[in-house]
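One-letter residues, chain by chain:
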Amino acid sequence: FTSLEVLTFAGSGIPAGINIPNYDDVRINIGFKNVSLGNILSAKEGNKEPVTFIDEELSDLFKENQAEAFEVQVGLHELLGHGSGKLLMELEDGKFNFDRENPPLGLDGKPVATYYKKHTTWSSVFGSLAGPYEECRAECVAMFLITDREILKIFGINDAEKQNEIITIGYLLMARAGLLALQFWDPISKKWGQPHMQARFSILKTFLKAGEGFVKLEYSDEENFSDLKIVMDKTKIESIGQPAIGEYLKELHVYKCSGDFVQGSELFVERSTVPEEIARFRNVVLEKKLPRKQFIQCNTFVDETTGAVEMRSYPETPLGMIQSFYERAV
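Just so you know, these numbers come straight off a predicted model, no measurement behind them.

Definitions and cut-offs
Residues numbered from 1 in each chain as written. Predicted model: local features only at pLDDT ≥ 70, side-chain atom pairs only at ≥ 80, totals over all residues. Heavy atoms only, no water. Helix = DSSP H or I, 4+ residues; strand = E, 2+ residues; numbered from the N terminus. Rg over C-alpha atoms; globule rule 2.2 N^0.38 Å. Buried < 20%, exposed > 50% of the residue type's maximum accessible area, 1.4 Å probe, protein only. Contact = heavy atoms within 4.5 Å. Areas by Shrake-Rupley, 256 points an atom, 1.4 Å probe, with all protein chains shown as cover. Lys, Arg positive; Asp, Glu negative; His and termini not counted. Charge placed at Lys NZ, Arg CZ, Asp CG, Glu CD. Salt bridge = Lys/Arg side-chain N within 4 Å of Asp/Glu carboxyl O. Core = buried A, V, L, I, M, F, W, Y, C linked by side-chain atoms within 4.5 Å. Pairing = 2+ DSSP bridges. Axes fitted to C-alpha atoms, helices over the stretch in contact; angles between N-to-C directions. Phe/Tyr/Trp six-rings, centres within 6.5 Å; stacked < 30°, edge-to-face > 60°. Lys NZ or Arg CZ within 6 Å of the ring centre and 35° of its normal.

Draft legend 1. Representation of the overall build of the protein chain within the structure. The number of helices and strands found in the protein chain is 13 helices and nine strands. In terms of overall size, the protein chain behaves like a compact globule, its C-alpha atoms giving a radius of gyration of 22 Å where 330 residues would be expected to give roughly 20 Å. Split into buried and exposed, the 330 residues of the protein chain put 43% on the buried side. Look at the contacts in the protein chain between residues 6 or more apart in sequence, and 68% of them connect residues 24 or more apart. Carbon together with sulfur atoms contributes 53% to the accessible area of the protein chain, which is approximately 17,700 Å² in total. For the protein chain, the distance from the average position of its 36 positive side-chain charges to the average position of its 49 negative side-chain charges is 4 Å.

Okay, here's the thing in C-alpha coordinates:
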(Lines give C-alpha, C1' and ligand atoms only; values in the text may rest on other atoms or scores of the structure.)
Protein backbone atom coordinates (compact mmCIF):
# COMPACT_ATOMS: atom_id res chain seq x y z
CA PHE A 1 0.00 0.00 0.00
CA THR A 2 1.38 3.39 -1.04
CA SER A 3 0.17 6.95 -0.76
CA LEU A 4 0.90 8.95 -3.91
CA GLU A 5 0.88 12.66 -4.63
CA VAL A 6 -0.83 13.03 -8.00
CA LEU A 7 0.46 15.57 -10.50
CA THR A 8 -2.22 14.96 -13.14
CA PHE A 9 -5.02 12.40 -13.32
CA ALA A 10 -6.66 12.18 -16.74
CA GLY A 11 -10.24 10.94 -16.60
CA SER A 12 -13.85 11.86 -15.91
CA GLY A 13 -13.27 11.78 -12.16
CA ILE A 14 -10.47 11.40 -9.63
CA PRO A 15 -10.69 8.50 -7.15
CA ALA A 16 -9.39 8.71 -3.59
CA GLY A 17 -7.79 5.27 -3.87
CA ILE A 18 -7.24 2.46 -6.36
CA ASN A 19 -6.71 -1.31 -6.21
CA ILE A 20 -5.28 -2.71 -9.45
CA PRO A 21 -5.51 -4.80 -11.54
CA ASN A 22 -9.22 -5.65 -11.69
CA TYR A 23 -8.63 -9.31 -12.55
CA ASP A 24 -9.29 -11.74 -9.71
CA ASP A 25 -7.10 -14.48 -11.16
CA VAL A 26 -4.14 -12.06 -11.23
CA ARG A 27 -4.84 -10.92 -7.68
CA ILE A 28 -5.09 -14.48 -6.40
CA ASN A 29 -2.07 -15.93 -8.19
CA ILE A 30 0.33 -13.00 -8.64
CA GLY A 31 -0.64 -10.02 -6.52
CA PHE A 32 -1.92 -6.48 -6.79
CA LYS A 33 -1.10 -2.87 -6.02
CA ASN A 34 -2.98 -0.48 -3.78
CA VAL A 35 -2.59 3.29 -3.77
CA SER A 36 -4.13 6.19 -1.91
CA LEU A 37 -4.09 9.49 -3.78
CA GLY A 38 -2.95 11.57 -0.83
CA ASN A 39 -3.32 15.08 -2.20
CA ILE A 40 -6.86 14.35 -3.40
CA LEU A 41 -7.79 13.64 0.22
CA SER A 42 -5.98 16.72 1.52
CA ALA A 43 -7.60 18.89 -1.14
CA LYS A 44 -10.99 17.87 0.21
CA GLU A 45 -9.79 18.59 3.74
CA GLY A 46 -9.65 22.30 2.95
CA ASN A 47 -13.36 22.33 2.24
CA LYS A 48 -15.10 24.67 4.70
CA GLU A 49 -18.66 24.00 3.57
CA PRO A 50 -21.28 23.11 6.18
CA VAL A 51 -21.70 19.45 7.09
CA THR A 52 -25.28 18.39 6.48
CA PHE A 53 -27.41 15.82 8.34
CA ILE A 54 -25.39 15.55 11.54
CA ASP A 55 -25.73 17.17 14.97
CA GLU A 56 -24.33 20.70 15.02
CA GLU A 57 -22.46 19.88 18.20
CA LEU A 58 -20.48 17.26 16.25
CA SER A 59 -19.73 19.58 13.32
CA ASP A 60 -16.30 20.76 14.51
CA LEU A 61 -15.22 17.24 15.50
CA PHE A 62 -16.43 15.96 12.14
CA LYS A 63 -14.51 18.57 10.15
CA GLU A 64 -11.38 18.09 12.25
CA ASN A 65 -11.25 14.30 11.74
CA GLN A 66 -13.05 13.81 8.43
CA ALA A 67 -9.98 13.70 6.19
CA GLU A 68 -7.94 11.42 8.46
CA ALA A 69 -10.85 9.03 9.07
CA PHE A 70 -11.51 8.85 5.35
CA GLU A 71 -7.84 8.14 4.62
CA VAL A 72 -7.92 5.17 7.02
CA GLN A 73 -11.17 4.02 5.42
CA VAL A 74 -9.69 4.26 1.91
CA GLY A 75 -6.55 2.36 2.93
CA LEU A 76 -8.51 -0.49 4.49
CA HIS A 77 -11.04 -0.50 1.65
CA GLU A 78 -8.38 -0.86 -1.06
CA LEU A 79 -5.77 -3.05 0.62
CA LEU A 80 -7.74 -5.43 2.80
CA GLY A 81 -11.13 -4.98 1.13
CA HIS A 82 -10.53 -5.44 -2.58
CA GLY A 83 -7.29 -7.24 -1.78
CA SER A 84 -8.86 -10.10 0.15
CA GLY A 85 -10.91 -13.16 -0.73
CA LYS A 86 -9.90 -16.30 -2.62
CA LEU A 87 -12.43 -17.29 -5.28
CA LEU A 88 -13.06 -21.05 -5.44
CA MET A 89 -12.37 -21.80 -9.11
CA GLU A 90 -12.21 -24.61 -11.64
CA LEU A 91 -8.99 -24.07 -13.59
CA GLU A 92 -8.35 -24.33 -17.31
CA ASP A 93 -6.90 -27.84 -16.98
CA GLY A 94 -10.02 -29.08 -15.16
CA LYS A 95 -8.33 -29.03 -11.76
CA PHE A 96 -9.45 -26.83 -8.87
CA ASN A 97 -7.70 -24.21 -6.74
CA PHE A 98 -9.30 -25.79 -3.64
CA ASP A 99 -9.90 -29.29 -2.33
CA ARG A 100 -12.92 -30.32 -4.38
CA GLU A 101 -13.50 -33.40 -2.25
CA ASN A 102 -13.44 -31.43 1.00
CA PRO A 103 -14.52 -27.88 0.16
CA PRO A 104 -14.64 -25.09 2.77
CA LEU A 105 -17.70 -24.83 4.98
CA GLY A 106 -20.45 -22.37 4.12
CA LEU A 107 -22.58 -20.23 6.41
CA ASP A 108 -24.81 -23.20 7.19
CA GLY A 109 -21.87 -25.24 8.48
CA LYS A 110 -21.99 -27.55 5.46
CA PRO A 111 -19.45 -27.78 2.60
CA VAL A 112 -20.16 -25.15 -0.06
CA ALA A 113 -21.72 -26.60 -3.21
CA THR A 114 -20.98 -23.70 -5.58
CA TYR A 115 -17.79 -22.44 -7.20
CA TYR A 116 -16.66 -20.61 -10.35
CA LYS A 117 -16.88 -22.96 -13.30
CA LYS A 118 -14.26 -22.97 -16.03
CA HIS A 119 -14.38 -19.80 -18.20
CA THR A 120 -16.48 -17.87 -15.69
CA THR A 121 -15.43 -14.87 -13.62
CA TRP A 122 -16.76 -12.83 -10.71
CA SER A 123 -18.16 -10.28 -13.19
CA SER A 124 -19.77 -12.83 -15.49
CA VAL A 125 -21.47 -14.68 -12.62
CA PHE A 126 -22.74 -11.66 -10.67
CA GLY A 127 -23.32 -9.44 -13.72
CA SER A 128 -24.52 -5.89 -13.01
CA LEU A 129 -24.38 -6.53 -9.25
CA ALA A 130 -20.66 -7.34 -9.30
CA GLY A 131 -19.51 -3.70 -9.03
CA PRO A 132 -21.72 -2.45 -6.18
CA TYR A 133 -21.52 -5.79 -4.34
CA GLU A 134 -17.71 -5.72 -4.34
CA GLU A 135 -17.59 -2.06 -3.31
CA CYS A 136 -19.91 -2.94 -0.44
CA ARG A 137 -17.70 -5.82 0.66
CA ALA A 138 -14.64 -3.55 0.63
CA GLU A 139 -16.45 -0.82 2.58
CA CYS A 140 -17.59 -3.39 5.15
CA VAL A 141 -13.99 -4.53 5.60
CA ALA A 142 -13.01 -0.90 6.31
CA MET A 143 -15.83 -0.45 8.82
CA PHE A 144 -15.03 -3.71 10.59
CA LEU A 145 -11.29 -3.03 10.89
CA ILE A 146 -11.30 0.71 11.64
CA THR A 147 -11.95 -0.09 15.33
CA ASP A 148 -8.65 -2.02 15.58
CA ARG A 149 -6.20 0.17 17.51
CA GLU A 150 -3.14 -1.65 16.14
CA ILE A 151 -4.29 -0.88 12.60
CA LEU A 152 -4.85 2.77 13.50
CA LYS A 153 -1.25 2.90 14.77
CA ILE A 154 -0.04 1.77 11.33
CA PHE A 155 -1.76 4.88 9.96
CA GLY A 156 0.11 6.98 12.52
CA ILE A 157 -2.81 7.43 14.92
CA ASN A 158 -1.31 6.53 18.30
CA ASP A 159 -3.15 8.68 20.84
CA ALA A 160 -6.06 6.79 22.44
CA GLU A 161 -8.41 9.79 22.41
CA LYS A 162 -7.60 10.50 18.77
CA GLN A 163 -8.21 6.84 17.91
CA ASN A 164 -11.67 7.07 19.47
CA GLU A 165 -12.41 10.20 17.45
CA ILE A 166 -11.32 8.53 14.19
CA ILE A 167 -13.51 5.50 14.93
CA THR A 168 -16.53 7.68 15.74
CA ILE A 169 -16.17 9.92 12.70
CA GLY A 170 -15.34 6.94 10.46
CA TYR A 171 -18.68 5.34 11.31
CA LEU A 172 -20.53 8.65 11.09
CA LEU A 173 -18.93 9.34 7.69
CA MET A 174 -20.25 6.04 6.37
CA ALA A 175 -23.75 6.54 7.79
CA ARG A 176 -23.91 10.04 6.26
CA ALA A 177 -22.58 8.76 2.93
CA GLY A 178 -25.37 6.18 2.92
CA LEU A 179 -27.99 8.89 3.34
CA LEU A 180 -26.40 11.19 0.73
CA ALA A 181 -26.40 8.22 -1.65
CA LEU A 182 -30.15 8.68 -2.17
CA GLN A 183 -29.40 11.34 -4.77
CA PHE A 184 -28.03 8.54 -6.98
CA TRP A 185 -31.18 6.42 -6.64
CA ASP A 186 -34.01 6.77 -9.15
CA PRO A 187 -37.42 6.58 -7.43
CA ILE A 188 -39.14 5.79 -10.75
CA SER A 189 -37.04 2.82 -11.89
CA LYS A 190 -35.97 1.94 -8.31
CA LYS A 191 -32.43 1.55 -9.62
CA TRP A 192 -29.05 2.83 -8.49
CA GLY A 193 -26.82 4.90 -10.75
CA GLN A 194 -23.52 4.56 -8.90
CA PRO A 195 -21.95 1.39 -7.40
CA HIS A 196 -20.30 3.02 -4.37
CA MET A 197 -23.53 4.77 -3.44
CA GLN A 198 -25.59 1.60 -3.60
CA ALA A 199 -22.97 -0.04 -1.39
CA ARG A 200 -22.96 2.76 1.19
CA PHE A 201 -26.73 2.86 1.39
CA SER A 202 -26.83 -0.85 2.16
CA ILE A 203 -24.36 -0.24 5.00
CA LEU A 204 -26.50 2.59 6.41
CA LYS A 205 -29.44 0.18 6.26
CA THR A 206 -27.33 -2.37 8.15
CA PHE A 207 -26.60 0.23 10.86
CA LEU A 208 -30.31 1.03 11.17
CA LYS A 209 -31.20 -2.67 11.15
CA ALA A 210 -28.76 -3.32 14.03
CA GLY A 211 -31.21 -1.63 16.39
CA GLU A 212 -30.45 -0.98 20.07
CA GLY A 213 -30.50 2.75 19.29
CA PHE A 214 -27.14 2.54 17.51
CA VAL A 215 -28.07 4.70 14.50
CA LYS A 216 -31.33 6.59 14.04
CA LEU A 217 -32.71 9.15 11.58
CA GLU A 218 -34.41 11.91 13.54
CA TYR A 219 -36.48 14.97 12.54
CA SER A 220 -39.27 17.21 13.83
CA ASP A 221 -40.38 18.65 10.48
CA GLU A 222 -42.95 16.00 9.53
CA GLU A 223 -43.64 17.51 6.12
CA ASN A 224 -40.30 18.44 4.51
CA PHE A 225 -37.79 16.76 6.89
CA SER A 226 -35.74 19.96 6.74
CA ASP A 227 -34.07 19.19 10.07
CA LEU A 228 -33.29 15.55 9.28
CA LYS A 229 -30.15 14.33 11.01
CA ILE A 230 -28.27 11.12 11.70
CA VAL A 231 -27.97 10.31 15.39
CA MET A 232 -25.37 7.72 16.34
CA ASP A 233 -24.60 6.37 19.79
CA LYS A 234 -20.80 6.22 19.71
CA THR A 235 -20.74 4.02 22.81
CA LYS A 236 -22.39 1.25 20.78
CA ILE A 237 -20.02 1.25 17.79
CA GLU A 238 -18.00 -1.72 19.00
CA SER A 239 -20.81 -3.56 20.80
CA ILE A 240 -23.60 -3.17 18.21
CA GLY A 241 -22.30 -1.55 15.01
CA GLN A 242 -19.17 -3.59 14.38
CA PRO A 243 -20.83 -7.00 15.02
CA ALA A 244 -23.69 -6.05 12.67
CA ILE A 245 -21.32 -5.03 9.90
CA GLY A 246 -19.19 -8.12 10.59
CA GLU A 247 -22.16 -10.43 10.07
CA TYR A 248 -23.09 -8.66 6.84
CA LEU A 249 -19.46 -8.83 5.65
CA LYS A 250 -19.22 -12.54 6.42
CA GLU A 251 -22.24 -13.28 4.24
CA LEU A 252 -21.09 -11.04 1.39
CA HIS A 253 -17.62 -12.58 1.54
CA VAL A 254 -18.64 -16.24 1.59
CA TYR A 255 -21.19 -15.83 -1.22
CA LYS A 256 -18.63 -14.02 -3.38
CA CYS A 257 -15.79 -16.47 -2.78
CA SER A 258 -18.01 -19.49 -3.44
CA GLY A 259 -19.69 -17.97 -6.51
CA ASP A 260 -23.14 -18.29 -4.92
CA PHE A 261 -25.07 -15.80 -7.05
CA VAL A 262 -28.50 -16.92 -5.84
CA GLN A 263 -27.97 -16.23 -2.15
CA GLY A 264 -25.47 -13.40 -2.67
CA SER A 265 -27.73 -11.41 -4.98
CA GLU A 266 -30.75 -11.99 -2.75
CA LEU A 267 -28.86 -10.62 0.26
CA PHE A 268 -27.42 -7.57 -1.48
CA VAL A 269 -30.56 -6.60 -3.39
CA GLU A 270 -32.64 -6.79 -0.21
CA ARG A 271 -30.12 -4.76 1.77
CA SER A 272 -29.77 -2.06 -0.91
CA THR A 273 -33.48 -1.74 -1.68
CA VAL A 274 -34.77 1.65 -0.53
CA PRO A 275 -37.88 1.30 1.67
CA GLU A 276 -40.57 3.98 1.53
CA GLU A 277 -39.76 5.26 5.02
CA ILE A 278 -36.27 6.23 3.77
CA ALA A 279 -37.20 7.08 0.16
CA ARG A 280 -39.24 10.04 1.44
CA PHE A 281 -35.97 11.71 2.55
CA ARG A 282 -34.62 11.88 -1.01
CA ASN A 283 -36.03 15.33 -1.72
CA VAL A 284 -34.33 16.96 1.26
CA VAL A 285 -31.07 15.21 0.35
CA LEU A 286 -31.33 16.75 -3.14
CA GLU A 287 -32.23 20.17 -1.73
CA LYS A 288 -29.13 20.18 0.47
CA LYS A 289 -26.87 18.74 -2.22
CA LEU A 290 -23.56 20.59 -2.44
CA PRO A 291 -21.91 21.46 -5.78
CA ARG A 292 -19.70 18.75 -7.23
CA LYS A 293 -16.04 19.23 -6.33
CA GLN A 294 -13.79 20.49 -9.11
CA PHE A 295 -10.10 19.61 -8.94
CA ILE A 296 -7.85 22.07 -10.73
CA GLN A 297 -4.68 20.25 -11.71
CA CYS A 298 -1.22 21.70 -12.19
CA ASN A 299 1.00 21.24 -15.24
CA THR A 300 4.75 20.95 -15.82
CA PHE A 301 6.83 22.76 -18.42
CA VAL A 302 10.46 22.50 -19.47
CA ASP A 303 12.40 25.72 -19.94
CA GLU A 304 13.97 25.29 -23.39
CA THR A 305 16.94 27.45 -22.45
CA THR A 306 17.95 25.99 -19.10
CA GLY A 307 16.21 22.62 -19.20
CA ALA A 308 14.71 23.32 -15.78
CA VAL A 309 11.25 21.90 -15.02
CA GLU A 310 8.60 24.34 -13.86
CA MET A 311 5.42 23.25 -12.08
CA ARG A 312 2.60 25.69 -12.70
CA SER A 313 -0.54 25.81 -10.53
CA TYR A 314 -3.70 27.80 -11.16
CA PRO A 315 -6.22 29.84 -9.18
CA GLU A 316 -9.23 28.01 -7.72
CA THR A 317 -11.68 29.59 -10.16
CA PRO A 318 -13.53 28.50 -13.34
CA LEU A 319 -10.96 30.47 -15.34
CA GLY A 320 -8.14 28.65 -13.53
CA MET A 321 -9.66 25.29 -14.48
CA ILE A 322 -9.99 26.30 -18.14
CA GLN A 323 -6.42 27.57 -18.17
CA SER A 324 -5.20 24.29 -16.65
CA PHE A 325 -6.92 22.26 -19.35
CA TYR A 326 -5.79 24.62 -22.12
CA GLU A 327 -2.13 24.58 -21.14
CA ARG A 328 -2.19 20.81 -20.78
CA ALA A 329 -3.50 20.49 -24.32
CA VAL A 330 -0.94 22.81 -25.91
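Draft legend 2. Geometry of the pattern of salt bridges. Across all of its chains, the model carries 14 salt bridges by this definition. Here Lys162 ties to Glu68 by a salt bridge, and the two come within 3.8 Å at their closest N and O atoms. Of this pair, Lys162 sits in helix α7 (residues 160–180) while Glu68 sits in helix α3 (residues 59–82), and the two are 94 residues apart along the sequence. Here Asp233 ties to Lys236 by a salt bridge, and the two come within 3.9 Å at their closest N and O atoms. Salt bridges sharing partners connect three or more residues here, namely Glu64, Glu68 and Lys162.

Draft legend 3. Quick look at the nonpolar core. Core analysis: the largest hydrophobic core is formed by 68 residues, its most contacted members being Tyr171 and Phe207. Ignoring anything within four residues of it in the chain, the contact list for Tyr171 reads Met143, Phe144, Ile146, Thr147, Phe207, Phe214, Met232, Ile237, Gly241, Gln242 and Ile245.

Draft legend 4. Spotlight on the sheet that holds strand β3 (residues 33–37). Sheet architecture is open: three strands sit in the order β1-β3-β2, paired in mixed fashion. Looking at the sheet topology across the chains shown, the edges are occupied by β1 (2–4) and β2 (17–20). With direction set aside, neighbouring strand axes in the sheet form an average angle of 25°. As paired strands, β1 and β3 are joined by three bridges and run parallel to one another. Bridge pairing in β3 links Ser3 to Ser36. α3 rests against β1, β2 and β3 of the sheet, and its axis sits at about 10° to β2.

Draft legend 5. Examining the packing of aromatic side chains more closely. Per the stated rule, a full pass over the model turns up 15 aromatic pairs. When the centroid spacing of 6.0 Å and the interplanar angle of 55° are considered together, the rings of Phe98 and Tyr115 count as tilted. Placement of Phe98 in the loop between α3 and α4 (122–126) and of Tyr115 in the loop between α3 and α4 is noted, with a sequence separation of 17 residues between them. For Phe98, a relative accessible area of 13% corresponds to the buried category. Plain terms: the ring middles of Tyr219 and Phe281 are 5.7 Å apart, the flat faces sit at 65° to each other, and that makes the pair edge-to-face. With a gap of 62 residues between them, Tyr219 in the loop between β6 (215–218) and β7 (229–232) and Phe281 in the loop between α11 (276–279) and α12 (282–287) connect regions that are remote in the sequence. By way of ring pairs, the aromatic residues Trp122, Phe126, Tyr133, Phe261 and Phe268 are connected into one cluster. One Lys or Arg, Lys117, reaches over the ring of Tyr115 and ends 4.6 Å from the middle of that ring. The lysine or arginine in question, Arg328, covers the ring of Phe325, its NZ or CZ lying 5.2 Å from the ring centre.

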